Each structure stands twice: as C-alpha cells, then as structure tokens.
Amino acid sequence: MPRPIRASIDLEALRHNYLLAKNRAGHAKAFAVVKANAYGHGLDRALQALGEVADGFALLDLAEARAVRAAGLTQPVALLEGFFEPADLAEIAALRLMPAIHSEAQLAMLERATLAAPIDVLLKVNSGMNRLGFTADSLPAALAQLRALPCVRGITVMTHFARADDEVGVGAQLARFKKMTAGLDLPVSLANSAALLRFPEATGQIVRPGIMLYGSSPMPDMLSAEAIGLRPVMTLTSEIIGVQDIVAGERVGYGGTFEASAPTRVGVVACGYADGYPRHAPTGTPILVDGRRTRVLGRVSMDMLACDLTHLPDAGIGSAVTLWGEGLAADEVASAAGTISYELFCALAARVPVDVRGATA
C-alpha cells in the first residue's frame, strides 16, 4: 500500500483566483505568474486551468516557456529575468517571448543579435528594490538603445515593488518610477499580487499576480486569503500512523524539544521535511486531525511529525490529517513556522503523490 501522504490540486480554485485577480485589474491585462513550477503546483496543471482565460503568462526560463508553447497556448509570455546568453535570443524570437531587459550586458547581446522576427521587451526600471533594472541615470540611454534596434518591436516599462505587502506601501517607489518615465508614453507593468489588491493606482497596463493565484494572501498579517475571496489550490493531507501515550516529564522526538506537562496522547503523522513540511515548524504549529484543530509537538523529522491527540479521544491510527489547505490556511501554518506560504508550496517534494481535481482537469 502507498504511504498515505497526498497533495490535492484544485484547478477550479486556481481559475477562480485568477479571475478574481483579473477583475481587480480592471482594463489591464493580467499575466499569470507561473514561475517555479507554478509555485510548486505544477506548471502543466496551471496551464490546464488557465490556458483558456489568462491574458498572458510570466515565468523565468526557456524550459518553462517551451512548455507553454507546447501546450498550444499563444498568449504573451514574459521572461521575468530576461535572457542569460546570446544563444537564448534565437529561441526567444522563435517562441515569441517577451524578455525583461535589465542590464547593459543584455542590451549588448541584443544589439549583436540577428533575429528571425522582432520581439517585444520589458524594460526593467530599478525604482527602489535594488535587485535588477536600470537606474534614473542609466535609463535614458538604455531606452534610446532599445528604440534604435530593428529587432525590438514593442517596449513595456516595468518595475517591481519591494513593500507592497506591508505598511510602507508603494508610494515612494511609484513616485520615483513616474518621475523616471515621465513623458515616455509607453505601456507599463507594475503590480504584483499585493499591489493589485491594495493600490489600484499602481495597476498600469499589465499586472503580474502570483501568490494570490494559488490561494494565499500576499499580506496575511493585514488581510486573510478568505477575506480577499481566494480559495486554496493545494491541500496537503496524510494520516495518523501511530499513537503513543506519555506521562508528564516525557519528551517527544529528536532532541526532546517538547516535554509533556501532563499525560499526553501523541499522534504520529506520515509527513516530514522530506515531503516538504518545514523542519523548523515548532510545537504549536496548527494541523487538523479528522477536521479538528490540534498542534504539532516537538521537532519535525524527515518522514514523520508528532501531534497532540489529548483532546481528540476518537482520533487514532488512520485518522485523516490536513497539514495545510482546505480548512487550514497555508498562511497560518507558514506564519507559525516563521516562513511564508510561497516556501511551503515550492518545497512540496517530488515523492508526494498529487491528485488533480476540478472541472478543468
């Protein structure tokens, strides 16, 4: 018999979340961000759910872009980090991709290229994130160089917000971006999930929703996914495979980090960090057993974790466990573990079987 751990991907929920994002975008186009294997949900599954409704897609590398085109999808595809060597450009043109241009090195590669067809590009502006992009000093020359290239057809100016998900917001970066691009009369791409939900003034002509598509809030401390209207896409489940009754003073797991203060009934769950559950999730991290809330006990092991069944006398071997997803927000689990839902999703291990459900499956 297979080990009982399983992930379920709800394609209808993914489509619902995208359409919610698209509705928030108003007249702007919404490019679904499907990088990192669609945030761990499976790129092929995301394309299956969104292929008929998405205005475009945003991802990182050529392998992902090939998968989009192999699926028969013709929408625009943005390469968020652009290209990495001159040889990439021929395939970018052949696949009709829209690479980000964020450095002088990329400009030089593009200037030397001979392409079969002109391409659209995203000119990345560094408005304060200080990762990639042209500064106020370097932007005019970069734009002039792009405009002079016969292999460049359309230019969209983009930036990325560093603090759209906290109390600082996008005001300073947006003001800097507007000053840097004043008078250019070019389409712009600005909003990620957080900016799309909080700052309608930062919508632009193309928005790039990511984490919200997968049912998590980009700012869970401010606004829950449920309050936004998002539905969980990934649900990770398992079962209780063992039960131990311990007395006060006994400890659980490696390092004995949990010590019982009273008689405690301990359930052992077939899920560990080799499955993608965060090893650093402490005692108190919430899980569901037979639909009822309880807590993780002690240190998460490679293949197992322990939970508290003291108040759940009917639970035992074979009881259903939800690690995150339907009934237990991934954002809540991530917060308890000192991380974010992005990491939970992306860490799902290849050894975990995946079921796909939903009307679009």
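Just so you know, these numbers come straight off a predicted model, no measurement behind them.

Rules used in this analysis
Residues numbered from 1 in each chain as written. Predicted model: local features only at pLDDT ≥ 70, side-chain atom pairs only at ≥ 80, totals over all residues. Heavy atoms only, no water. Phe/Tyr/Trp six-rings, centres within 6.5 Å; stacked < 30°, edge-to-face > 60°. Helix = DSSP H or I, 4+ residues; strand = E, 2+ residues; numbered from the N terminus. Buried < 20%, exposed > 50% of the residue type's maximum accessible area, 1.4 Å probe, protein only. Arc of directions from axis to C-beta. Contact = heavy atoms within 4.5 Å. Expected span 1.5 Å × (residues − 1). Polar contact = N/O pair within 3.5 Å; in protein donor to acceptor, adjacent residues only side chain to side chain.

*Asks:* I would appreciate a short explanation of the packing of aromatic side chains in the present structure.
*Replies:* For the structure on display, the rule yields three aromatic pairs. Geometrically, the ring pair formed by tyrosine 39 and tyrosine 214 is stacked, given 4.7 Å between the ring centres and 25° between the ring planes. With tyrosine 39 in helix H2 (residues 35-39) and tyrosine 214 in the loop between strand E9 (206-207) and helix H10 (225-228), this pair connects stretches of sequence that are 175 residues apart. An aromatic cluster is built from Tyr39, Tyr214 and Tyr342, whose rings are joined through pairwise contacts.

*Asks:* Honestly, helix H3 (residues 43-50) in this entry has me stumped. Any pointers?
*Replies:* Since there are 3.6 residues in each turn of an α-helix, residues three or four apart along the chain are aligned in direction. For H3, the set of buried residues is Leu43, Ala46, Leu47, Ala49 and Leu50. Seen from one end, H3 has its buried residues packed into an arc of 165°, which puts them on one side. Looking at the packing, one finds that the buried side of H3 touches helix H1 (11-24), strand E2 (29-33), H2, strand E3 (56-59) and helix H4 (62-70).

*Asks:* Hey, could you run me through H1 in this one?
*Replies:* Its 14 residues place the ends of H1 20 Å apart at the C-alpha level, agreeing with the 20 Å of an ideal helix rising 1.5 Å per residue. When H1 is considered as a whole, its buried residues turn out to be Leu11, Ala13, Leu14, Arg15, Asn17, Tyr18, Leu20 and Ala21. Close packing links the buried residues of H1 with strand E1 (6-10), E2, H3, helix H9 (193-198), H10 and strand E18 (354-357). One side-chain oxygen at the N-terminal end of H1 lies 3.1 Å from the backbone nitrogen of glutamate 12; it belongs to aspartate 10. Of the residues trailing H1, glycine 26 is marked for its positive phi of about 65°.

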